[in-house]
Amino acid sequence: MAMAESEAMCPERLVMEHITSRWGTLALIALLDRPHRFSELRREIGRVSEKMLAQTLRTLERDGLVHRDARPVIPPRVDYSLTGLGREAAEQVRDLARWTERRLAAVERAREAYDATRS
């Protein structure tokens, strides 16, 4: 999304888009358990490019949901954790993910019924 487009978007909608994006959701849920280094987080999420994860984390950090702790050691160490606001958002997203897991069979049945009427 172009910067001008995102700036024109309703602020609440933009934050919701960040939280519910494919990688935003997975990063928030993963960080609920504990802080992660970048590479750990990337492995846990799976199938996300380094560039996309970095961009997602920067966006969540800018929104005040993720804290980036860079330590000046050799080799450099960077840990990501949730802020209080981030924990609140992550718990909501996790609840939605759990609902999806519990209700997936019902959704699949509804899809099959819908598709059957369209054939």
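None of the values given here were measured: they were computed from a predicted structure.

(A) View of the side chain of His36. Mapping His36 onto the fold places it in strand E1 (residues 36–37). A relative accessible area of 1% places His36 in the buried class. Within the structure, His36 has its side chain in polar contact with the side chain of Glu44 (distance 2.9 Å).

(B) Region of the structure containing the sheet that holds E1. Spatial ordering of the open sheet is given by E1-E3-E2, a layout of three strands whose pairing is antiparallel. Looking at strand neighbours, the two that pair on one side only are E1 and strand E2 (66–71), the edges of this open sheet. Examined bridge by bridge, E1 and strand E3 (residues 77–82) share two bridges and lie antiparallel to one another. Note that in E3 the partner of Arg37 across the bridge is Asp79. Across the sheet, helix H3 (residues 22–33) lies against E1, E2 and E3, angled at about 95° from E3, the strand it touches most.

Conventions used here
- Residues numbered from 1 in each chain as written.
- Predicted model: local features only at pLDDT ≥ 70, side-chain atom pairs only at ≥ 80, totals over all residues.
- Heavy atoms only, no water.
- Helix = DSSP H or I, 4+ residues; strand = E, 2+ residues; numbered from the N terminus.
- Buried < 20%, exposed > 50% of the residue type's maximum accessible area, 1.4 Å probe, protein only.
- Polar contact = N/O pair within 3.5 Å; in protein donor to acceptor, adjacent residues only side chain to side chain.
- Pairing = 2+ DSSP bridges.
- Contact = heavy atoms within 4.5 Å.
- Axes fitted to C-alpha atoms, helices over the stretch in contact; angles between N-to-C directions.

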